[in-house]
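# A look at the structure
Now for the letters of each chain:
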Amino acid sequence: MEIEKTALDGVVIITPARHGDSRGFFSESWNRQRLADAGIDMDFVQDNHSLSQQVGTIRGLHFQTPPRAQDKLVRCGRGRLYDVAVDIRAGSPTYGQWVGVELSFENGRQLLVPAGFAHGFVTREKDTEICYKCTDYYAPDCDRALAYDDPEIGIDWGVSPGSAVLSAKDAAAPRLAELDTPFVYEAHP
Ligand SMILES: Cc1cn([C@H]2C[C@H](O)[C@@H](COP(=O)(O)OP(=O)(O)O[C@H]3O[C@@H](C)C(=O)[C@@H](O)[C@H]3O)O2)c(=O)[nH]c1=O
């Protein structure tokens, strides 16, 4: 298993080992002990799986507010997607900044998106599936969206303007400047 830091503190790329043989491969897509040994011990309680049929489908940016905030461990089950995390922790030195990582069935990479970050992705192949583990249950009252195309954040989704496939909720999401973020940055000791 490889763990790489990103430009945003707390957002990391995890690549589990794949054991290939004549049948294909075997991979431990999540092993609590191995991650805990690497300093990432999270109590996941819900697994999510969604299918996006069209290339250029954008889901996000989403987060749940405290006390129902979620850490998410994201991977691609089929196809290819570009996964994005945006720092929305008030007082963070990287507030409003984003990182994006391509996750695919092929590369087996995973992105850890902790609470305090908004999460979203765009699909780069037809019929792309995303799978992710969450540390809290879905709580519709705490579910929030942030505009994927907020120019202040400036995410390069690789999709021409106006052509993204979106939910009604995401098409109407507020911008960062309108967000009263419930997250406060806490520096590591
Ligand atoms: C997120 C979620 C949705 N639902 C339901 C609500 C609704 O009827 C249907 C679709 O919900 P949404 O439109 O919110 O699905 P989607 O746009 O795929 O939302 C997801 O986007 C990605 C980027 C995330 O990070 C996730 O946390 C989640 O917010 O599924 C659940 O039952 N459980 C859940 O955990």
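The protein appears in an unreviewed UniProt entry as dTDP-4-dehydrorhamnose 3,5-epimerase from Roseovarius pelagicus. In UniProt, the protein has this text filed under Subunit (unreviewed entry): "Homodimer." A UniProt comment under Sequence similarities (unreviewed entry) is attached to the protein, and it reads "Belongs to the dTDP-4-dehydrorhamnose 3,5-epimerase family."

## Description of the nonpolar core
Of all hydrophobic cores here, the largest spans 38 residues; its most connected members are Val-11, Ala-85, Val-86 and Leu-111. With five residues, the top contributor of residues to this core is strand 8 (residues 80-87).

## Notes on the pairing of strand 12 (residues 128-134)
The element strand 12 is extensively covered by neighbouring structure, given that five of its seven residues are classed as buried. Inspection of the sheet shows strand 5 (residues 46-52) paired to strand 12 by seven bridges, in the antiparallel sense. Following the sheet pairing, His-49 is matched in strand 12 by Cys-131. Here strand 7 (residues 72-78) runs beside strand 12; their pairing, made up of six bridges, is antiparallel. Looking across to strand 12, one finds that Leu-73 is bridged to Lys-133.

What counts, and at which threshold
- Residues numbered from 1 in each chain as written.
- Predicted model: local features only at pLDDT ≥ 70, side-chain atom pairs only at ≥ 80, totals over all residues.
- UniProt positions renumbered as here; feature names shortened; annotations may be inferred.
- Core = buried A, V, L, I, M, F, W, Y, C linked by C-beta atoms within 7 Å.
- Buried ≥ 20, exposed ≤ 12 C-beta atoms within 10 Å, placed from the backbone.
- Helix = DSSP H or I, 4+ residues; strand = E, 2+ residues; numbered from the N terminus.
- Pairing = 2+ DSSP bridges.

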